[in-house]
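# A structural walkthrough
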Amino acid sequence: MSTDMMEPQRTRLPANMPSSRLRVDREQWLRTAEDLRESGARLLTLWGTDDRDRDSGFRIAAAYLLTDSVVVVEHLIKETSAPSYPSIAGLFPAALRMQRAVHDLLGISTDEVDTRNWLRHGGWPETVFPLRRDVDGNRQYPIVSEPYPYVEVEGDGVHEISVGPVHAGTIEPGNFRFSVVGEKVLRLEERLGYTHKGIAKLFENFSQEAGHSLAARVSGDSAVAFSWAYCSALEAITGITCPMRAVALRALALEHERLANHMGDLGGLGNDAGFAFGLTHFSRLKEDLLRANSVAFGARYLLDYVIPGGVAVDLTADASRLLLELYDTLESSVTNMRAIYDNHAGLQDRFREAGRLEQNTAEKLGAIGLIGRASGIACDLRVDHPWSPYNSLAVKMIVQTGGDVAARVQVRFDEVVESLRLCRALLAELPIEAIQTPVSIAAANLLGIGLIEGWRGPVMIALETGPDGGIRRCHAHDPSWQNWPLIDYAILGNIVPDFPLINKSFNLSYSGHDG
Amino acid sequence: MFNTLSRMLHTGLLTEPLPVPNEAIPALETLQKDVLGILGRALCIRHVDAGSCNGCELEIQALTNPYYNLEGAGIKFVASPRHADLLLVTGPVSVNMEEALKRTYDAMPDPKLVIALGDCGACGGVFAKSYASRGSVASVIPVNNTIAGCPPSPAAILGCILQTVRSSAVEA
């Protein structure tokens, strides 16, 4: 579907790529979703807002990625005592958990059968919906532990293994409930939400000019993507154009973020398959890149680099030369490591066929980003909807059709090479001008979105301004929302000891998902 | 196999010396003596993410890369709190992780040390206290030391671990 079909009711939406806004009634909410599904649109995110103070109702919104643009479909729910809307999870399965999260935060229900809490684990009362405007977000409640009704698998020899929330390594918390026969996994059920920090509510305490610092901390490993998405939304609302030097430096930082994470994952994947050599060498290469970040951008991890109107630190000529040298070292080392990985029979034996996510399953469930591209879904915002400066870089789409751990490894290797090419191209044409432009305060009640292809996939910020330079509502979305449920499918028929490897090949964000 | 060996040979040893010894940070030999004196074995660390944004985790992971070579100093990460001497906690403590953090702490044998890592662990950071967050680690379990930073660098983390062990040796 293209946006032409919706021409009559749509209005333009400020964003860093062509976007529109469509207001619909209850019936159209579902019908629009049906039309979009049929035309191959992808669900980007779904969120709710308490607009009772302004519009006498709750608002539910869903953002869809079309072939030529993004459309945000909104429905105002006028019934406020028991607000509800039709579920779109039958059409877009990824919406299921998002709808459960909207219920926990706002008390808006759907007609879904699965009404279990998702983000609320008993840390606040069932009758309190923290994202409502009449609820004090700073109030603390005693924890009332509530058992979570996992789906039980019955049968001869079936037993359960519960893993987490505290895991055995230096990773984030979450619970995995395996139902197994012997070593074979019959079913995996995830329970997430452990790192829920109330980010959506916190945004309401931030000013427009400071919100990027919270956005960067939605998922620390995607800080550049989130802070850039936030700044894009704010700059689109205020009509600011960043200097091209700042835009190029943002892209350079984003590609560094992709490189660091991909190299870290490639090492981790080797290690999880028993090849510690891989971890040693890739963690060294990643460290080299982080140390270069310190010199070039002023910090190893760029949590405060992208700021409204530009970037915080300029790149010196010396740093630029250092980076170019580093890219050469990284490229030859990664090429060397790739040959070692590809020719290692033991490693390939573990990678191939493990955790296969078939293309049709990935399509049906709405896989997105890197995980989608490893299962044959050619979707990369840098290619399909290139925003500045990617519109002049002709980014290469990296796709593999295998859908197994091996395919996810190959996508990472290819993307490292492509990122290095982009970094060199950005440095070669780096404009000489300012790195910041002043950003004015936006008027109240304006909505804008920012969409950035982070290393995991599309990161999105939907920002609605409040009065006096404040934020009325800010919704941050990590692509892990779409991809977490896919692990439940990828693991089927595999053995329990392969789970860490398969999970690592996805490497999804817990914090980005939990908010 | 030839490629693997050749890469090892050409890379060589990358490990850097530990942070410069001073009053707070002992030299490697002193540290190892302290660790043995207090614990009778290598220092075992258990990490718990109590609600972090995952930035601090990345820097903790970096401690095991060849440059910092944590295990070379007799310090290693362990999978169970029952094997741990030191608990490294990241993040503001989310209400959803409060119970898991307390249970991890309780499962550790005495004597035990706790370091709250990063601005969030030290003081709540940008997340502070809310309906979903208890703020600093110290508001949930006893803490011996904190490391500021968002995220703190591996060198800062290493320095704080050494300092914490040192001051607990002095106390003992």
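Calculation notes
- Residues numbered from 1 in each chain as written.
- Chains lettered and ligands numbered in written order.
- Predicted model: local features only at pLDDT ≥ 70, side-chain atom pairs only at ≥ 80, totals over all residues.
- Heavy atoms only, no water.
- Helix = DSSP H or I, 4+ residues; strand = E, 2+ residues; numbered from the N terminus.
- Rg over C-alpha atoms; globule rule 2.2 N^0.38 Å.
- Buried < 20%, exposed > 50% of the residue type's maximum accessible area, 1.4 Å probe, protein only.
- Contact = heavy atoms within 4.5 Å.
- Areas by Shrake-Rupley, 256 points an atom, 1.4 Å probe, with all protein chains shown as cover.
- Lys, Arg positive; Asp, Glu negative; His and termini not counted.
- Charge placed at Lys NZ, Arg CZ, Asp CG, Glu CD.
- Domains from an automatic or database assignment.
- Buried area = accessible area lost by both parts, 1.4 Å probe.
- Salt bridge = Lys/Arg side-chain N within 4 Å of Asp/Glu carboxyl O.
- Polar contact = N/O pair within 3.5 Å; in protein donor to acceptor, adjacent residues only side chain to side chain.
- Pairing = 2+ DSSP bridges.
- Axes fitted to C-alpha atoms, helices over the stretch in contact; angles between N-to-C directions.
- Nonpolar A, V, L, I, M, F, W, Y, C, P; charged D, E, K, R; others polar.
- Parallel < 35°, antiparallel > 145°, perpendicular 65-115°, else oblique.
- Left-handed = near helix turned anticlockwise from the far one by under 90°.
- Expected span 1.5 Å × (residues − 1).
- Patch = residues over 30% accessible without salt bridge, like charges linked within 9 Å, V, L, I, M, F, W, Y side chains within 5 Å.
- Phe/Tyr/Trp six-rings, centres within 6.5 Å; stacked < 30°, edge-to-face > 60°.
- Lys NZ or Arg CZ within 6 Å of the ring centre and 35° of its normal.
- Core = buried A, V, L, I, M, F, W, Y, C linked by side-chain atoms within 4.5 Å.

Turning our attention to the overall build of chain A. In terms of regular secondary structure, chain A is built from 17 helices and 13 strands. In terms of overall size, chain A behaves like a compact globule, its C-alpha atoms giving a radius of gyration of 22 Å where 515 residues would be expected to give roughly 24 Å. Along the first, second and third principal axes, the C-alpha set of chain A runs to 70 × 60 × 45 Å. When each of the 515 residues of chain A is scored for burial, the buried share is 63%. Partitioning the contacts of chain A with sequence separation of at least 6, the portion at a separation of at least 24 is 68%. Within the structure as shown, chain A displays about 17700 Å² of accessible surface, and the carbon and sulfur contribution to it stands at 51%. Here chain A carries 50 positive and 66 negative side-chain charges, and the mean point of each set is 1 Å from the other.

Looking now at the domain arrangement of chain A. Residues and elements named next belong to chain A. Taken domain by domain, chain A holds domain 1 (3–106) and domain 2 (199–479). A C-alpha centroid distance of 26 Å is found between domain 1 and domain 2. At the interface, 32 residues of domain 1 touch 28 residues of domain 2. Together, the buried faces of domain 1 and domain 2 total about 2400 Å²; carbon and sulfur atoms form 59% of this surface. Salt-bridge contacts for Asp53 lead to Arg472; the nearest nitrogen and oxygen are separated by 3.0 Å. Where domain 1 packs against domain 2, one counts 13 residue pairs in polar contact (both at pLDDT 80 or more).

Strand-to-strand pairing in sheets goes through backbone hydrogen bonds, with the strands running parallel or antiparallel. Residue and element names in this part refer to chain A. An order of S6-S7-S8 is seen for the three strands of this open sheet, with the pairing classed as antiparallel. Two strands close off the open sheet at either side, each with one partner strand: strand S6 (158–163) and strand S8 (184–191). The mean angle between the axes of side-by-side strands here comes to 20°, regardless of whether they run parallel or antiparallel. Across six bridges, the pairing between S6 and strand S7 (residues 175–181) is antiparallel. Looking across to S7, one finds that His159 is bridged to Val180.

With that settled, consider the interface of chain A and chain B. At the interface, 60 residues of chain A touch 50 residues of chain B. Of the roughly 4400 Å² buried at the junction of chain A and chain B (both faces included), carbon and sulfur atoms supply 57%. Taken together, the connections running from chain A to chain B amount to two salt bridges. For the salt bridge of B:Glu16 with A:Arg291, the shortest nitrogen-to-oxygen distance reads 2.6 Å. Where chain A touches chain B, the interface holds 29 residue pairs in polar contact (both at pLDDT 80 or more). For the side of chain A that touches chain B, the secondary structure elements donating two or more residues are helix H4 (199–203), helix H8 (276–297) and helix H9 (317–342) of chain A. Of the residues in the side of chain A that touches chain B, the class split is 26 nonpolar, 22 polar and twelve charged.

So, about the packing of H9(A) against helix H14 (residues 405–428) of chain A. Residues and elements named next belong to chain A. Where H9 contacts H14, the axes come no closer than 10 Å and their chain directions differ by 160°. Taken together, the axis directions place H9 and H14 in an arrangement best described as roughly antiparallel. Of the two possible hands of crossing, H9 and H14 adopt the one that is left-handed. In this structure, H9 uses Ser320, Leu323, Leu324, Tyr327, Asp328, Leu330, Glu331, Val334, Met337, Arg338, Tyr341 and Asp342 to contact H14, whose residues at the interface are Gln410, Phe413, Asp414, Val416, Val417, Leu420, Cys423, Arg424 and Leu427. Looking at the contact of H9 with H14, its residues break down into 13 nonpolar, two polar and six charged.

In a regular helix each residue adds 1.5 Å, so 26 residues correspond to 38 Å; H9(A) covers 37 Å between its end C-alpha atoms and thus fits that length. Every buried residue of H9(A) is listed here: A:Ala319, A:Ser320, A:Leu323, A:Leu326, A:Tyr327, A:Leu330, A:Ser333, A:Val334, A:Met337, A:Arg338, A:Ile340 and A:Tyr341. Against helix H7 (244–272), H8, helix H10 (345–351) and H14 of chain A together with helix H1 (2–11) of chain B lie the buried residues of H9(A).

Turning our attention to the side chain of A:Ser69. All names here are of chain A. Following the sequence through the fold, Ser69 ends up in the loop between strand S4 (57–65) and strand S5 (70–77). Classification of Ser69 by relative accessible area gives buried; the value is 4%. Among the polar contacts made by the side chain of Ser69, one reaches the side chain of Asp68 at a distance of 3.3 Å.

The subject of this paragraph is a nonpolar patch on the surface. Residues B:Met1, B:Leu5 and B:Met8 make up a contiguous nonpolar surface patch of roughly 360 Å² in combined accessible area. If you trace the backbone, B:Met1 turns up in the segment before H1.

Now for the sheet that holds S4(A). All names here are of chain A. Read across the sheet, five strands follow the order S1-S2-S5-S4-S3 without closing on themselves; strand pairing throughout is mixed. The open sheet terminates on both sides in strands that have one partner only, identified here as strand S1 (10–12) and strand S3 (42–51). Going from strand to strand, the sheet's axes swing by 25° on average, the running direction of each strand aside. Relative to S5, strand S2 (residues 19–24) runs parallel, the two being bridged by six bridges. Across the sheet, residue Ser20 finds its bridge partner in S5, namely Val71. Packing of helix H3 (residues 95–106) onto the sheet brings it into contact with S3 and S4, and relative to S3 it is tilted by some 10°.

Attention shifts here to the packing of aromatic side chains. Tallied over the entire structure, the rule returns 19 aromatic pairs over all chains. Ring centres of A:Trp124 and B:Tyr131 lie 5.0 Å apart, and the angle between their planes is 90°; on these two criteria the pair is classed as edge-to-face. Of this pair, A:Trp124 sits in the loop between H3 and S6 while B:Tyr131 sits in the loop between helix H5 (118–123) and strand S5 (145–147), each in a different chain. Through a chain of ring-to-ring contacts, three or more aromatic side chains come together here, namely A:Phe275, A:Phe277, A:Phe282, A:Tyr341, A:Phe351 and A:Phe413. Positioned over the ring face of A:Tyr150 is A:Arg177, at 3.9 Å from the centre of the ring. A:Lys197 extends its terminal NZ or CZ atom over the ring of B:Phe127, reaching a point 5.3 Å from the ring centre.

Let us now look at the pairing of S8(A). All names here are of chain A. Pairing of S7 with S8 involves seven bridges; the strand directions are antiparallel. Opposite Phe176, over in S8, you have Glu190 as the bridge partner. Where S7 folds back onto S8 in an antiparallel hairpin, the turn is made up of two residues, including Gly182, whose phi is positive at roughly 65°.

Turning next to the nonpolar core. Core analysis: the biggest nonpolar cluster contains 175 residues, and A:Leu46, A:Tyr64, A:Tyr230, A:Leu252, A:Phe351 and A:Ile461 have the highest contact counts within it. Broken down by element, the residue count for this core peaks at twelve residues, all from H14(A). Looking at this core, you find at least three residues from each of domain 1 (3–106) and domain 2 (199–479) of chain A. Contact partners of A:Leu46, with chain neighbours within four places excluded, come to A:Trp29, A:Ile60, A:Ala61, A:Ala62, A:Tyr85, A:Ile88, A:Ala95, A:Met98, A:Gln99, A:Val102 and A:His475. With 23 residues, the next largest nonpolar core counts B:Cys56, B:Leu63, B:Ile161 and B:Val165 among its residues.

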